[in-house]
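# Analysis of the macromolecular model
Okay, here's what each chain looks like letter by letter:
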Amino acid sequence: MTAFQFLLILGIVAIAMLSIRFLRGESSLAIKRIFALLAALAAVLAILFPQLLTLVANFFGIGRGADLLLYVSIIGALLFAVATVRAKARSDARVTQLARSVALLEARLIENQETTHQSSEQDGESA
Amino acid sequence: MTVVPAEPPTHEATTSGTPASKANIWVVIPLYNEATVIGGVIEGLLPTFSNVVCIDDGSSDGSGEVARDAGAHIVSHPINLGQGAALQTGFDYALERGAEFVVTFDADGQHRVADAAAMVERARNEDLAIVFGSRFLDDRTNPGMLKKLVLKTAVTVTNWTTKTHLTDAHNGLRVIRRDALSRIQLKQDRMAHGTEIIAQLGLTKLPYAEEPVEVLYTDYSKAKGQSLLNSVNILIDLIIR
């Protein structure tokens, strides 16, 4: 097993952990932003010095810089997918609470209408 | 968060004619596209339980109107949210109206009203916070081999993860007392709420028991029942949340 294979496995494990229940809220956002900045920096360096990418790849036991780029992209895509699924789950939970509040509010309104209707009818009879 | 009104509406007017012991029991029925059977289910319940609330979970077949005409209270989800979400809405509704006990009941007519009444009696007599219905405590119910395997797998996983000792995890017939009810907040909108409700009730450490009940497998409920694929969803919903 090359060093990079080991790192790939680590990455997959990290994704799996994130997908279950790890980072929440603000810290998760901050880490995402740090990764985005690092990725941008790495991209600029790789464009300016393509041979640097191959050097890094060789260090990890990979022949070409382009291959390294592919592997890292796959990890990135998976991370994005997991983050999206989790964001949708949170959004769904908020929709559920909103819809429940609306449903209960409507039920209350209908009941209030019925009771005021009944009491006004009774007032009419007694008058 | 649920909006709680300053003065919850009381139901003295509608419950004054019934025995006081039944006045503070609410039957909660999650309702989704069961227009052909829900009327009969409600008519079967009303002589025994005067307070029946159906949570119409965005039905497209007019189930809500049928249930209202049959004499049930209706709470309508503006969109379809799932059975677990409907149950939680029903719990909030019943608590708001001062329910002492809530009976959860399926809309498809697979439960017996007599079983529900017996479970409420038992909760009262034995001072139990929760009574779960179980179809595996006697031999009245015959679910068939495959369904039995699925249900037994589900309950085994549930017992592992929740440290309870039950024989039937996905039975829709339950009796829950107010103190237990107020500590439940179901987050599983879809079918995994069966396990979630047990997990949350287990955490309350309140006394519970299982009551043998009969599940009526009509052709209708068979056609709508949980398939093997659905139990895969239940397991994955429990792991990823």
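The helix and strand inventory of chain B stands at eleven helices and seven strands. Taken across its 241 residues, chain B has 42% of its residues classed as buried. In chain B, once contacts between residues fewer than 6 apart in sequence are set aside, the share between residues at least 24 apart is 77%.

We now examine the confidence of the model for chain B. Residues and elements named next belong to chain B. The predicted model of chain B averages 82 in pLDDT, with 80% of residues at 70 or higher. Low pLDDT, under 50, characterises residues 1–20; the stretch is placed with 23 contacts to residues that sit more than four places away or in other chains. Under the prediction, the complex receives an ipTM of 0.76, its pTM being 0.74.

The next point concerns helix 9 (residues 193–203) of chain B. Where helix 9 of chain B is concerned, the buried positions are B:His193, B:Gly194, B:Thr195, B:Glu196, B:Ile197, B:Ile198 and B:Leu201. Two residues or fewer after helix 9 of chain B comes B:Lys205, characterised by a positive phi angle close to 60°.

Residue and element names in this part refer to chain B. At a closest axis distance of 10 Å, the pairing of helix 7 (residues 145–162) and helix 9 adopts a crossing angle of 30°. By the angle between their directions, the pair helix 7 and helix 9 is classed as roughly parallel. Of the two elements, helix 7 crosses helix 9, and the hand of that crossing is right-handed. Note on element contacts: helix 9 touches helix 7 through Thr195, Ile198, Ala199 and Gly202, opposite Thr158, Thr161 and Thr162. Residues that form the contact of helix 7 with helix 9 fall into these classes: two nonpolar, five polar and no charged.

All names here are of chain B. Judged by how many residues are buried, strand 5 (residues 130–134) sits mostly within the fold: five of five residues are covered. Here strand 5 shows two buried faces, one formed by Ile130, Phe132 and Ser134 and the other by Val131 and Gly133. Pairing geometry for strand 5 and strand 7 (residues 208–212), over five bridges, is parallel. Bridging across to strand 7, glycine 133 finds its partner in glutamate 211.

It is worth spelling out unusual backbone geometry at this point. All names here are of chain B. Unusually for a residue other than glycine, asparagine 33 sits at a positive phi of about 50°. Secondary-structure assignment places asparagine 33 in the loop between strand 1 (25–31) and helix 3 (35–45). Phi is positive for aspartate 127, which is not a glycine, with a value near 55°. Among the residues examined, aspartate 127 registers 9 C-beta atoms within 10 Å and is labelled exposed.

A word on the environment of B:Ile29. Residue and element names in this part refer to chain B. As for its position among the elements, isoleucine 29 is in strand 1. With 27 C-beta atoms packed within 10 Å, isoleucine 29 lands in the buried category. Apart from residues lying up to four places away in sequence, isoleucine 29 is in contact with Val52, Cys54, Phe105 and Ala107.

Our next topic: the environment of B:Glu214. All names here are of chain B. You can see glutamate 214 is positioned in the loop between strand 7 and helix 10 (219–224). Residues glutamate 214 and asparagine 142, spaced 72 residues apart in sequence, show a C-alpha to C-alpha distance of 9.1 Å. Leaving out residues up to four positions away in the same chain, glutamate 214 has contacts with Arg112, Asp115, Arg135, Arg140 and Thr141.

Reading guide: rules and limits
- Residues numbered from 1 in each chain as written.
- Chains lettered and ligands numbered in written order.
- Predicted model: local features only at pLDDT ≥ 70, side-chain atom pairs only at ≥ 80, totals over all residues.
- Helix = DSSP H or I, 4+ residues; strand = E, 2+ residues; numbered from the N terminus.
- Buried ≥ 20, exposed ≤ 12 C-beta atoms within 10 Å, placed from the backbone.
- Contact = placed C-beta atoms within 7 Å.
- pLDDT = per-residue confidence, 0-100.
- Axes fitted to C-alpha atoms, helices over the stretch in contact; angles between N-to-C directions.
- Parallel < 35°, antiparallel > 145°, perpendicular 65-115°, else oblique.
- Left-handed = near helix turned anticlockwise from the far one by under 90°.
- Nonpolar A, V, L, I, M, F, W, Y, C, P; charged D, E, K, R; others polar.
- Pairing = 2+ DSSP bridges.

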